[in-house]
Amino acid sequence: MGVKVKETTPQQIEELRDRFNRKYASSPPAAPFHPTDIDRIRNDHLWLQRFLEMYDLDMETSFNSLWETCILRQSTGANDIDESELNQEYLKEGSVFVHNTDVDGKPLLVFRVKMHSKSKNLDELIRIVVYWVERTQREQHLTQLTIFFDMSGTSLASMDLEFVKRIVETFKQFYPNSLNYILVYELGWVLNAAFKVIKAVLPPKAVEILKMISKKDINQYINKDNCLAIWGGEDNYEFSFVPEAKKVISKPVAANAGDDDQFADKKVTFVDSAPMVLKETNINKMHTPSEGMLHINPKDFVNFNSKNAEATMTIKSIATSAVTYKIQTTSPEKFRVRPRCGIIQPNQEATINIWLKSEHKLSDDSKDKFLVMAMVAPGGECGGADVTELWRSKSPTSADVEQHRLVCRFDENKSKAQLDCASKSSKASVDCSKKSGAGVDPATAMERQLAFTQNLQYVTLALLFLLFAGFGFLMYQQLGQHAATCPKATAYSCAKRK
């Protein structure tokens, strides 16, 4: 459920977007920002919303942070990290991985701290953390995550304060407002002092979602069937690295003003455009009866979430060669669609995100529809501009174009309770805006506290050793004195007989 945040408005999100676009046009950065980040800003509200929530709707601070984040993400290549470029030993040992979800359905980013060693290269470890977060947010659109520090069996030798600090900084700089919980599991008494100093490293709002848990109360945050067996749960999962299933996503729109034209919203008019009452008997009239190139999920409807007016569609190629697709709608003024066209290789998928604009609503008479068109890609491969030009010169009614028609509706399958839960969890956030600035650096203070705790352990062990030695010496002395004072036994002699 996370911390409470101030609710953003569509006007605030649009203002932040406009600020970014104006600066990018008038004072572009030395190195162009990554197209994925540009696409998020120009065509998606969620990323902008996270910045505003993170800084309590402070527009100036949110904008400056957004700009700096784009610079950092571009310079570090966050969007393009591939598993083949990572330290394979670190990646496959299982000290950091994503598996299962918390009670709010947020993926668990697990750190098995006892497997950590201070001798490891922190830069390579942080790249693995970034890889897992990027991969998860590609698979589940910009989802929040819960960090799970598994401290069971951890000693002071494995407790690396600099690594913890780098993790906190990474989420602050790259992933605004992306944490649901920070769970610390089975923290031993030896590390309690370190835990107190870790709090000083975290921003105030992050402390609100920092929870100390054990086997007794872990199910308040993770359902038993999602808990690993070693945490007292029912999941017998053993980590084994599985490469990411690559999904084909069209190249995002570049950040130049003129580039929007190639992806401009186009209106399509279906032949059967009269209002329809949806029934099982007439649904087959609205989509291609047989699937030769694409499998669409869901097949017949674009199901919008009634809470945030978003919908997701997955298209999978079932053809034997590369397929190009294009998406059109009867109401382009109402919807934002990304990606709108692209190339899919055989047996691969593309995820389409659709947003109903805040100033519009769905028609009550099922007039709002989408058309997904597909055809074999010439040559098997082409770029984003080639795809746009290809469809621009192609008639939708051509014999080699496969068509799928889908009707827009609000998803009626989700209960109100589920939607309320999703709404609450989507507002979970971490305000990483300020560090406690005065005095000693928190990491330094933590190092000193841990050193003190470790020295205290050594002193305690030395005192225990001296205590046992003294006790043994006293016992030896006592036994010696007892032997010295004991009278010697005399032999028994019988009286002489007369």
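So, a few notes on the structure that sits alongside this text. Along each chain, residues carry numbers from 1 onward, in the same order as the chain's sequence is written. In keeping with the model being predicted, local features are shown solely for residues with a pLDDT of at least 70 and side-chain atom pairs are shown and tallied solely at 80 or more, while totals for entire chains, interfaces and linings include all residues. Values shown for side chains rest on all heavy atoms present in the structure; no hydrogens or waters enter the calculation.

1. As for the nonpolar core
- For this analysis, a nonpolar core means a set of buried residues of the types Ala, Val, Leu, Ile, Met, Phe, Trp, Tyr and Cys, connected via side-chain atoms within 4.5 Å. In this scheme, a residue with accessible area under 20% of its type's maximum is buried, one over 50% is exposed, and one in between is partly exposed, where area comes from a 1.4 Å probe on protein chains only. Judged by nonpolar contacts, the single largest core of 60 residues is most densely connected at L109, W132 and W231.
- What counts as a helix is a DSSP run of H or I of at least four residues, what counts as a strand is a run of E of at least two, and both are numbered from the N terminus. Here this core gets 9 residues from one element, more than from any other, and that element is helix α6 (residues 122-139).
- The contact partners of L109, leaving out residues within four places of it in the chain, are V96, F97, V98, V129, W132, V133, L145, T146, I147, F148 and F171.
- Core analysis: the next-biggest nonpolar cluster, separate from the first, contains 26 residues, I296, M313, F370 and V372 among them. Contacts are residue-level and defined by heavy atoms, with any inter-residue pair within 4.5 Å sufficient.

2. Examining the sheet that holds strand β14 (residues 402-410)
- Strand pairing is defined by DSSP finding a minimum of two bridges between the two strands. Taken in spatial order, the 5 strands of this open sheet run β7-β14-β13-β9-β11, and their pairing is mixed. The sheet terminates laterally at β7 (301-304) and β11 (341-344), the two strands that pair on one side only. Going from strand to strand, the sheet's axes swing by 25° on average, the running direction of each strand aside.
- Bridge count between strand β9 (residues 323-329) and strand β13 (residues 369-376): 7 bridges; the pairing is antiparallel. Within the sheet, the bridge partner assigned to T324 lies in β13 and is M375. Between the N-to-C directions of two axes lies an angle of 0 to 180 degrees, each axis being a line fitted to C-alpha atoms and, for a helix, fitted only over the stretch in contact.

3. Brief notes about the packing of helix α1 (residues 10-26) against helix α2 (residues 35-43)
- Taken N-terminus to C-terminus, the directions of α1 and α2 make an angle of 135°; their axes are 9 Å apart at the nearest point. One finds that α1 runs oblique with respect to α2. In this structure, α1 contributes R17, F20, N21 and Y24 to the contact, and α2 contributes I38, I41, R42 and N43.
- Any residue outside Ala, Val, Leu, Ile, Met, Phe, Trp, Tyr, Cys, Pro, Asp, Glu, Lys and Arg is labelled polar, Gly included; the first ten of those are nonpolar and the last four are charged. Split into classes, the residues belonging to the contact of α1 with α2 amount to 4 nonpolar, 2 polar and 2 charged. Each angle is binned into one of four classes, with values under 35 degrees roughly parallel, values over 145 roughly antiparallel, values of 65 to 115 roughly perpendicular, and all other values oblique.

4. Some words on the pattern of salt bridges
- By convention in these notes, a salt bridge is any Lys or Arg side-chain nitrogen within 4 Å of a carboxyl oxygen on Asp or Glu. Taken as a whole and judged by the stated rule, the model has 12 salt bridges.
- Two residues, R73 and D37, come together in a salt bridge whose shortest N-O distance is 3.2 Å. Taken together, the residues span a long stretch of sequence, with R73 in helix α4 (residues 59-76) and D37 in helix α2 at a distance of 36 residues.
- Judged by its relative accessible area of 1%, R73 is buried.
- The buried category is assigned to D37, whose relative accessible area is 0%.
- Where R127 meets E85, a salt bridge forms, and the shortest distance between an N and an O atom there is 3.7 Å. With R127 in helix α6 and E85 in the loop between α4 and α5 (88-93), this pair connects stretches of sequence that are 42 residues apart.
- By relative accessible area, which is 29% here, R127 ends up partly exposed.
- Where salt bridges share partners, they join D37, R40, R73 and E134 into one cluster.

5. Some remarks on helix α3 (residues 46-54)
- Counting buried residues in α3 gives 9 out of 9 residues, a clear majority hidden from the surface.
- Taken together, the buried positions of α3 are occupied by L46, W47, L48, Q49, R50, F51, L52, E53 and M54.
- Taken together, the buried residues of α3 touch α1, α2, α4 and α7 (161-174).
- Where α3 terminates, the next one or two residues include D56, which has phi positive at roughly 55°.

6. Re unusual backbone geometry
- For the peptide bond that leads from N297 to P298, omega is 0°, which places it in the cis range.
- With respect to the element layout, P298 can be found in the loop between β6 (294-297) and β7.
- Between R338 and P339 the backbone carries a cis peptide bond, its omega angle lying at -10°.
- Residue placement: P339 occurs in the loop between β10 (335-338) and β11.
- Not every positive phi belongs to a glycine, and E186 is a case in point at roughly 55°.

7. Looking at empty space enclosed by the protein
- With a 1 Å grid spanning the protein atoms alone, the term cavity applies to any set of points in which a 1.4 Å probe fits but cannot get out, the term pocket to an open set with protein on both sides within 12 Å along at least five of seven lines, and the term lining residue to any residue with an atom within 4 Å of a point. Grid points are joined across faces, edges and corners, and a volume is the space filled by probe spheres set on the points. Within this structure, the stated rule accounts for 3 cavities of 30 Å³ or more.
- Volume-wise, the largest cavity comes out at about 350 Å³.
- Along its surface, the largest cavity is lined by 34 residues, and I147, F149, V164, I167 and I198 are the ones closest to its centre.
- When contributions to the lining of the largest cavity are tallied by element, the ones reaching two or more residues are β2 (107-112), β3 (145-150), α7, β4 (179-185) and α8 (192-201).
- Examining the composition of the lining of the largest cavity, we find that 6 residues originate from one element, α7, more than from any other.

8. Topic: the sheet that holds β3
- In spatial order, the strands read β1-β2-β3-β4-β5; together these 5 strands make up an open sheet with mixed pairing. The open sheet is flanked by β1 (96-101) and β5 (210-213), the only strands paired with a single partner. Strand-to-strand twist in this sheet, taken as the mean axis angle between neighbours without regard to direction, amounts to 25°.
- Bridge count for β4 against β5 is 4 bridges, and the pairing is parallel. Bridge pairing in β5 links V184 to M212.

9. A word on the environment of L145
- When you line up the elements, L145 lands in strand β3.
- Taking the relative accessible area as the measure of exposure, L145 reaches 0% and is therefore buried.
- Considered as a pair, L145 and T101 are 44 residues apart in the sequence and their alpha carbons are 8.5 Å apart.
- In this structure L145 touches K106, P107, L109, V133, T136, Q137, S178, L179, N180 and Y181, once residues within four positions along its chain are discounted.

10. Observations concerning the side chain of E310
- Inspection of the secondary structure assignment puts E310 in strand β8 (residues 310-317).
- Here E310 is in contact with H45, N303, F304, N305, I354 and W355, once residues within four sequence places are set aside.

11. Some points on the pairing of β1
- The pairing of β1 with β2 spans 4 bridges and is antiparallel. Counted as the bridge partner of T101 is P107 from β2.
- Hairpin connection from β1 to β2: 5 residues lie between these consecutive antiparallel strands, with G105 at a positive phi of about 80°.

12. Quick look at the packing of aromatic side chains
- When two rings of Phe, Tyr or Trp (its six-membered ring) have centres within 6.5 Å they constitute a pair, described as stacked for plane angles under 30 degrees, edge-to-face for angles over 60, and tilted for the intermediate range. By the definition in use, this model includes 23 aromatic pairs.
- A centroid spacing of 5.4 Å and a plane angle of 55° characterise the contact between F20 and W67, whose relative ring orientation is tilted. Separated by 47 residues along the polypeptide, F20 in helix α1 and W67 in helix α4 bring together distant segments of the chain. Pair check on accessibility: F20 and W67 agree, each one buried.
- Each member of the aromatic cluster is reached from another via a ring pair, and the members are F20, Y24, F33, F63 and W67.
- Consider the ring centre and the ring normal. A charge sits over the ring if Lys NZ or Arg CZ is within 6 Å of that centre and within 35 degrees of that normal. Over the aromatic face of W47 sits the side chain of R40, whose NZ or CZ is 5.3 Å from the ring centroid.
- Cation over ring: R409 sits above F301, and NZ or CZ is 3.8 Å from the ring centre.

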